[in-house]
There are 2 protein chains.
Amino acid sequence: MDNYLALFTLAGSVLALLFALTRAKNVLSFDEGNDTMKKISGNIRKGAMAYLTRQYRILIIFFVAMFVVLSVMAALGFLTWYVPFAFITGGFFSGLSGFIGMNIATRANARTANACQTGLNKGLRVAFSAGSVMGFTVVGLGLLDISIWYLLLRVVFHESLANTTAAMLTFGMGASSMALFARVGGGIYTKAADVGADLVGKVEAGIPEDDPRNPAVIADNVGDNVGDVAGMGADLYESYVSSIISSCSLGVIAFSAIGDGKLSVSAVAVPMVMAAIGVLASIICSFLVRTGESTDQSTLLKALRRGTNSSAIIIAILAFPLVWAIFGKAYIGFYFAIIAGLLAGVLIGFFTEYFTSDTYKPTQKLAGQSETGSATIIIGGISLGMLSTIAPIIIIAVCVMLAYGLSGGFNDANLGLYGISLAAVGMLSTLGITLATDAYGPIADNAGGIAEMSGLDPEVRRRTDALDSLGNTTAATGKGFAIGSAALTALALIASYVQKVQQIDSDVVLDMTVMNPVVLIGIFVGACLPFVFAAMTMDSVGKAAQSIVKEVRRQFKEIPGLMDGKADADYTKCVDLCTKASLREMILPTVMAILTPIVVGVVLGYNGVIGMLAGATATGFLLAIFMANAGGAWDNAKKYIESGVHGGKGSDAHKAAVVGDTVGDPFKDTSGPSINILIKLLSMVSIVFAGLVVSVHIF
Amino acid sequence: MDNYLALFTLAGSVLALLFALTRAKNVLSFDEGNDTMKKISGNIRKGAMAYLTRQYRILIIFFVAMFVVLSVMAALGFLTWYVPFAFITGGFFSGLSGFIGMNIATRANARTANACQTGLNKGLRVAFSAGSVMGFTVVGLGLLDISIWYLLLRVVFHESLANTTAAMLTFGMGASSMALFARVGGGIYTKAADVGADLVGKVEAGIPEDDPRNPAVIADNVGDNVGDVAGMGADLYESYVSSIISSCSLGVIAFSAIGDGKLSVSAVAVPMVMAAIGVLASIICSFLVRTGESTDQSTLLKALRRGTNSSAIIIAILAFPLVWAIFGKAYIGFYFAIIAGLLAGVLIGFFTEYFTSDTYKPTQKLAGQSETGSATIIIGGISLGMLSTIAPIIIIAVCVMLAYGLSGGFNDANLGLYGISLAAVGMLSTLGITLATDAYGPIADNAGGIAEMSGLDPEVRRRTDALDSLGNTTAATGKGFAIGSAALTALALIASYVQKVQQIDSDVVLDMTVMNPVVLIGIFVGACLPFVFAAMTMDSVGKAAQSIVKEVRRQFKEIPGLMDGKADADYTKCVDLCTKASLREMILPTVMAILTPIVVGVVLGYNGVIGMLAGATATGFLLAIFMANAGGAWDNAKKYIESGVHGGKGSDAHKAAVVGDTVGDPFKDTSGPSINILIKLLSMVSIVFAGLVVSVHIF
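Per chain, residues are indexed from 1 in the order of the written sequence. Lettering of chains starts at A and numbering of ligands starts at 1, both following the order in which they are written. Under the rules for a predicted model, residues below a pLDDT of 70 receive no local features and side-chain atom pairs below 80 are neither given nor counted, while totals for whole chains, interfaces and linings still include all residues. Side-chain numbers come from the whole structure's heavy atoms, not from hydrogens or water.

Going along the chain from the N terminus, every DSSP run of H or I of four or more residues is numbered as a helix, and every run of E of two or more is numbered as a strand. Within chain A, the regular secondary structure consists of 19 helices and zero strands. Over its C-alpha atoms, taken along the principal directions, chain A stretches across nearly 75 × 50 × 45 Å. Of the contacts formed within chain A by residues at least 6 apart in sequence, a portion of 84% connects residues at least 24 apart. In short, Shrake-Rupley with a 1.4 Å probe defines the accessible areas, and a residue's cover is counted only from the protein chains shown. A total of about 20,700 Å² of accessible surface is found on chain A, and carbon and sulfur atoms cover 63% of it. Where the 45 positive side-chain charges of chain A centre and where its 48 negative ones centre are 4 Å apart. The criterion used for residue contact is that any of the two residues' heavy atoms lie within 4.5 Å. As used throughout, the charge tally considers Lys and Arg to be positive and Asp and Glu to be negative, leaving His and the chain termini uncounted. Where a charge lies is defined by one atom per residue type, namely NZ (Lys), CZ (Arg), CG (Asp) and CD (Glu).

Encoded structure:
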């Protein structure tokens, strides 16, 4: 029976991919505009593709090396032989998601700018279609990977359900590694280019943003694609897949203890079929996204929200009969766990918007703090970001308690843990459409750049700006989803780790109490990791940005006629510098993330690892929200001032706000969003290397 | 026998207080200088005393209210009747420490300035003597409170050793509450005045720091006293007392299980006698602090380090025969636990210096980041602060493992936990002298202000600046000690909480495993608290500073002749504004710190509380170090630029560094240092209200 359910998931995957294909065709049916626009778009695409090609070339070395390490571990009996292969496919599909999404995004930017010449709604539709390609590619490839492996292990290798889900869990490590490289590398690229271009162009030379005289302008636009599109795609591929496979794994464990084979199958079926339903709901609702010609932000936001909210409602309605049919009435609590997750996602999204959108008080107040200079707006933004952690913490806490309790966790902890993992699946079930609303932002941003550089009518820029500004809000919401689901998935993965350790050696007596010094130290060390990780990635942005600053200054000085528009800037030099710097800087943080759980495990043992994972999840969650919201609020406070308050563009208040925005750049686009991958990668590595740690540890 | 040991502690207390008295007399024997200096010093003293008087008037209401609450709880049987009284004395002595220290500091500022007219060494000696009054008053009053309560409970009320130490533990809550109010209120005051004075005076009007034309200049100098002296005194009183009483309590528990009365007495004796020995060593070594006439920082630092390091060595030597005599050879592991703590303190101090002093690379590199503007130096400082958490985390982790393991924790967990608490005692045993080196900083800072305002020879200002600059380094080291010991003490207090719960109801089965969702959520909520607390206090500084900015601007505009030096500024108005704002703003964060453990306890139960304490301790530790080190590094990067590099004073790089310094102000002097009190207060409140939570909880 379970094989048929996997076919259902496979069908969902194919549906998503076909839909992505139609959206891609739709995007390509639009006209790219005049020759200048085509040329600029071509340069951006060339730069972005060059980056991705070089990134993948480096990562192939990493993946081959890891394949060898994992194969050696498998040969030594610490792992099954599926793991090295699962690891590779996780990485491959994650990378592929980013590649496809970015490819279409770089083809959609000029088309969006051109469509905006006709009208706002047409522009929105092109950009949103391109975003949908990304959203449904991620979902489709994720379900493809899951269903193929499932069928392979069950039908071809005749593995037990428990072994199947355990093996699948490990391909999450491949996806997480890939995602972290992509997020960190892309995040450093985009912010180094952005900060570098702004510091010399806007601040020193006084030329506008996206001015073609700025040698870093193409790099800046390439950055939007490699960071906010390719990086985010790999990131959410990982989130999506991890939530589903950890849920499957915990489900089998929960019911294998009860000893009923049929219920185990049901436990695997629910997350997989939920995902397929999510695809369906997302596709239907993506047709609801359309708008009029008003550039009013709340009208535009309503257009997007109509799509995402309807999709959430459809899923909430369909999930009830689904859970009832698969599990029966006795386990209907799982339905409420799913709904708790879905609701938590919506609520976190709302509070993210509340804290970062200039239609609400916090960001407006922050904008006011620019009147006393950059120091006060910086203090204000840090304070706002820290304060904003309280709502998501409470939401996640309530969600966890509900999901755990309603699933029967207080009678059987394993049921409760499965419930928590289902909440994560529920939260991410609308991913197809939420990711589409998220990915369209950088495309609109790029379209604005192309409109500026090719000298289109200012009205076009006004329209792309309206779309871009909205994109900031949806990006912030998207980050809320990513980190909220990451917290739930990380908790599920910690539970999986505990199960894994006990499965490896049933004699192991876990002492996970907080008063065990090994656990306590684990918590301390784990809590420290996101701080160190954030420091490293911010530092990398700083270093890379410095090299861009020097290069742009050099070109302004050495290329005669550049400032008068008589000579062309050497864009490729900046693109090349960004590529080199970000690829160099992405290695260390990711390698640290992979090595730490192994080192901690070997020194402190599995109890220490559990403490480490709990500590890293808690502070990682907090730090990610703090950084994303502080960054988002600074960005929008600046935009709010540009709308004319506190003296408007060019005033001292605006200058102070620009400093805030620049500080926020690596916060919200490099360090913050990488942390949610970090906490899952730590768990994944711990799970994969559990066999080694159980055999070899000092304490 | 144990009563004699308490007399030994009492003797240590009297010795410390007598020494403080001689130091005070020594300070007062110096001349205050000319009439202008006397007048300025008088104004500062008047403002500082007015603040403290009003603060205490508010806190009396709080303490009376808490006394009533605790009495009701005692009447209901949730507490013993000692608790309300112990609570009051803890608060009283903590406040008294701050009061005495501040009183002498405000009398020493003009004397230091005047002494600097003769020479640097004389200035150092006056300031250091005044700092010693503070150091030894804190230590003396701490030991007085401990020994009086001990003798009272044992000799007058004939309580068992277990009941005695349990009752004493609760007076920590009084001290912690008082300390948090003092730190937060004083911290807001000092930084609101500082930021307000700088923003309008230095940045807008372009007049130098401490210029008498600035209406906020007296408030700024008052702030140094109420924040960096009175606030710090209350803070370290709390740290010192908490470490000793939690150690006594855990010691009795460790050995009552073994069932040997004599060993329990020994366990109480060791921390108490260690403290008395620390007094002796500190007194002896305080005479080693003297210097020549070179203003070279490393020479000056050597002078202070000679005192603190010698004191650590003497204690390390004396502790060995002490532990041997009290416990015998079998338990000599406790000696190594003490040494682990002592060493950890020294190492944390070293790394704090490494990350914040401009003689090392990190701060020098940070100064370089000012060349590309304020945004890059802000990003650089945040990154530096976050990265700097890694060393203290590893040091504390190793210290905990050593203290736990060497004390026999792997055979008997209670012995290990006692060992951890002894490490905290060891770390703080040199407090008398380390606090003296710390408290002298703000005195030198004030002396500089007085020298400036009364128009003394620039050479005098150069000398006070040299002393002040050194004070920044010792202050950073002092914060490292405070937070390091706070982490160890907080861990000991969590252990005490666990014991307390089991003692209240022996049927309670604690499920402290990380996989218990209640514990997990507790960790999440606890981890969030330091973030929220830091946000609230930073916000308060912002609000209070805004009111000062407005007032200073008003005076510049409305008082004719003020800028030409022909009219006097209305200093009292600014002093009054700061006082009101900081007293208003100190309430909410502290009340939140007291209510949260009760709410979390009632909702999540004792297991949730344990998770909360672990989470808060971990992130609190990290956040405190991050904020203190980032703030210290920004401050010193600015000073480094002022010494002539990167364009020196007045350059663009310097302006950028001033922004960094201003952001760092609330980081290092308000939010950061309050967090270490917060994490202990959370534990203390949890312990006091354990009876209630055991009876009433939802989950």
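Now that the structure is up, let's keep going.
Here we come to the state of the cysteines. The disulfide criterion used throughout: a pair of cysteine sulfur atoms within 2.5 Å. As enumerated under the stated definition, the model contains zero disulfides over all chains in all. There is no disulfide at Cys528 of chain A, and the cysteine sulfur nearest it, in Cys399 of chain B, is 16 Å away. Residue Cys248 of chain B stays outside any disulfide, its sulfur separated by 18 Å from that of Cys399 of chain B, the closest cysteine.

Between chain A and chain B, which share one sequence, the superposing operator has a rotation angle of 180° and an axial displacement of 0.0 Å; the RMSD is 0.0 Å. Put plainly, the chains are arranged around a two-fold axis. Minimal C-alpha separation from the rotation axis in chain A is found for Thr513 of chain A, amounting to 2.0 Å. With an isologous cut-off of 70% or more, the 100% of interface residues of chain A that recur at the interface of chain B puts this contact in the isologous class. The copies are overlaid by a least-squares fit using only the C-alpha atoms of residues whose pLDDT is at least 70 in both copies.

Below, the discussion takes up the side chain of Asn516 of chain B. Within the secondary structure, Asn516 of chain B is located in the loop between helix H15 (458–504) and helix H16 (517–558). For Asn516 of chain B, the residues in contact, after removing those within four places along its chain, are Asp511 and Asn607 of chain B.

Counting 550 residues, the largest nonpolar core has Phe255, Phe327, Tyr418 and Tyr497 of chain A together with Tyr418 and Tyr497 of chain B as the members making the most contacts within it. With 34 residues, the single largest contributor to this core is helix H17 (residues 571–642) of chain A. Not counting chain neighbours up to four residues away, the residues in contact with Tyr497 of chain A comprise Tyr606, Val609, Ile610, Leu613, Ser686, Ile687, Ala690 and Val693 of chain A. Take the buried residues of types Ala, Val, Leu, Ile, Met, Phe, Trp, Tyr and Cys, join any two whose side-chain atoms come within 4.5 Å, and each joined set is a nonpolar core. For every residue, the accessible area (1.4 Å probe, protein chains only) is compared with the maximum for its type, and the residue is labelled buried under 20%, exposed over 50%, or partly exposed between those bounds.

What follows is about the interface of chain A and chain B. Taken together, the contact between chain A and chain B spans 67 residues of the former and 67 residues of the latter. The quantity reported as buried area is the accessible area (1.4 Å probe) lost by two parts once they are put together, taken as the sum for both. Together chain A and chain B conceal approximately 6,100 Å² of surface at their shared face, both sides included; 86% is due to carbon and sulfur atoms. When the buried area of chain A at its contact with chain B is split by residue, Met515, Phe524 and Phe531 of chain A rank highest and sum to 13% of it. When a carboxyl oxygen of Asp or Glu lies within 4 Å of a side-chain nitrogen of Lys or Arg, that pair is called a salt bridge. Summed over the shared surface of chain A and chain B, the result is two salt bridges. Linking Asp539 of chain B and Lys365 of chain A is a salt bridge whose minimum nitrogen-to-oxygen distance equals 3.3 Å. Polar contact is the term for a pair of N or O atoms within 3.5 Å; when the atoms are in protein, one must be able to donate a hydrogen and the other to accept it, and sequence-neighboring residues count only if both atoms are side-chain atoms. In this assembly, chain A and chain B are joined by ten residue pairs in polar contact (both at pLDDT 80 or more). Sorting the residues of the side of chain A that touches chain B by element identifies helix H11 (374–387), helix H12 (390–406), helix H15 (458–504), helix H16 (517–558), H17 and helix H18 (652–688) of chain A as the ones contributing at least two each.

In this section: the packing of helix H6 (residues 217–258) of chain A against H17 of chain A. Residues and elements named next belong to chain A. With their axes 7 Å apart at the nearest point, H6 and H17 run at an angle of 45° to one another. Relative to H17, H6 is oriented oblique. For the element pair H6 and H17, the recorded crossing hand is right-handed. For the pair formed by H6 and H17, the contact residues are Val217, Ile218 and Ala219 on the first element and Tyr571, Cys574, Val575 and Cys578 on the second. To obtain each axis, a line is fitted to C-alpha atoms, and for helices this fit is confined to the stretch in contact; angles are then taken between N-to-C directions over 0 to 180 degrees. The cut-offs work like this: below 35 degrees is roughly parallel, past 145 is roughly antiparallel, 65 to 115 is roughly perpendicular, and the gaps in between are oblique. For any pair of crossing helices, the crossing counts as left-handed if the nearer helix is rotated counterclockwise from the farther one by less than a right angle, and right-handed if it is rotated clockwise.

So, on to a positive patch on the surface. Residues and elements named next belong to chain A. Residues Lys122, Arg125, Arg290, Lys302 and Arg306 make up a contiguous surface patch of positive charge. Within the residue set of the positive patch, elements represented by two or more residues are helix H4 (120–156) and helix H8 (297–327). Tracing the backbone through its elements, the reader meets Lys122 in helix H4. By definition, no residue in a patch forms a salt bridge, and every one has over 30% relative accessible area; like charges are joined within 9 Å, nonpolar side chains (Val, Leu, Ile, Met, Phe, Trp, Tyr) within 5 Å.

Looking now at the confidence of the model for chain A. For every residue, the predictor states its confidence as a pLDDT score lying anywhere from 0 to 100. When pLDDT is averaged across chain A, the result is 91; 99% of the residues are at 70 or more. Across the interface, the model reports ipTM at 0.93; the global pTM reads 0.94.

Attention now goes to helix H7 (residues 261–286) of chain A. All names here are of chain A. Multiply 1.5 Å by the residue count of a helix minus one, and that product is the helix's expected span. Taking 1.5 Å of rise per residue, the 26 residues of H7 would be expected to cover 38 Å, and the 38 Å separating its terminal C-alpha atoms lies within 8% of that figure. Given a residue, its bend is the angle between the two axes fitted to the seven residues that end at it and to the seven that start from it. Taking the largest bend as the criterion, H7 deviates by roughly 30°, centred on Ala269, and proline Pro271 comes between one and four positions later. The element H7 is extensively covered by neighbouring structure, given that 22 of its 26 residues are classed as buried.

All names here are of chain B. Locating Arg305 in the fold gives a position in helix H8 (residues 297–327). Within polar-contact distance, the side chain of Arg305 engages the side chain of Glu353 at 2.6 Å. Among the polar contacts listed, one links the side chain of Arg305 to the side chain of Thr477, at a separation of 3.5 Å.

Another point: the pattern of salt bridges. The tally for this structure, following the rule as stated, stands at 54 salt bridges over all chains. One salt bridge connects Asp635 of chain A with Lys639 of chain A, and the closest N-O pair in it is separated by 3.2 Å. With Asp635 of chain A and Lys639 of chain A both in helix H17 and four residues apart, this pair spans about one turn of that helix. As a salt-bridge pair, Glu551 of chain B and Arg554 of chain B come within 2.8 Å of each other at their nearest N and O atoms.

Time to look at the packing of aromatic side chains. Here a pair means two rings of Phe, Tyr or Trp (six-membered ring of Trp) with centres within 6.5 Å. Their orientation is stacked below 30 degrees between planes, edge-to-face above 60, and tilted elsewhere. Scanning the model with the defined rule gives 65 aromatic pairs over all chains in all. With centroids separated by 5.8 Å and ring planes inclined at 50°, the aromatic side chains of Phe320 of chain B and Trp324 of chain B adopt a geometry described as tilted. With Phe320 of chain B and Trp324 of chain B both in helix H8 and four residues apart, the pair spans about one turn of that helix. Arranged with centres 6.5 Å apart and planes meeting at 70°, the rings of Phe327 of chain B and Tyr418 of chain B form a pair that is edge-to-face. With Phe327 of chain B in helix H8 and Tyr418 of chain B in helix H13 (residues 413–428), this residue pair connects regions lying 91 residues apart in the sequence. Through a chain of ring-to-ring contacts, the aromatic side chains of Phe255, Phe327, Tyr331, Phe334 and Tyr418 of chain A assemble into a single cluster.

A word on the packing of helix H17 (residues 571–642) of chain B against helix H18 (residues 652–688) of chain B. Residues and elements named next belong to chain B. Relative to each other, H17 and H18 sit at 155°, their axes nearing to 6 Å. The angle between the axes of H17 and H18 places the two elements in the roughly antiparallel class. Helix-helix and strand crossings are classified by hand; for H17 and H18 the assignment is left-handed. Grouping the amino acids of the contact of H17 with H18 by side-chain chemistry returns 27 nonpolar, eleven polar and five charged. As a working rule, the residues Ala, Val, Leu, Ile, Met, Phe, Trp, Tyr, Cys and Pro are called nonpolar, Asp, Glu, Lys and Arg charged, and the rest polar, with Gly in that last group.

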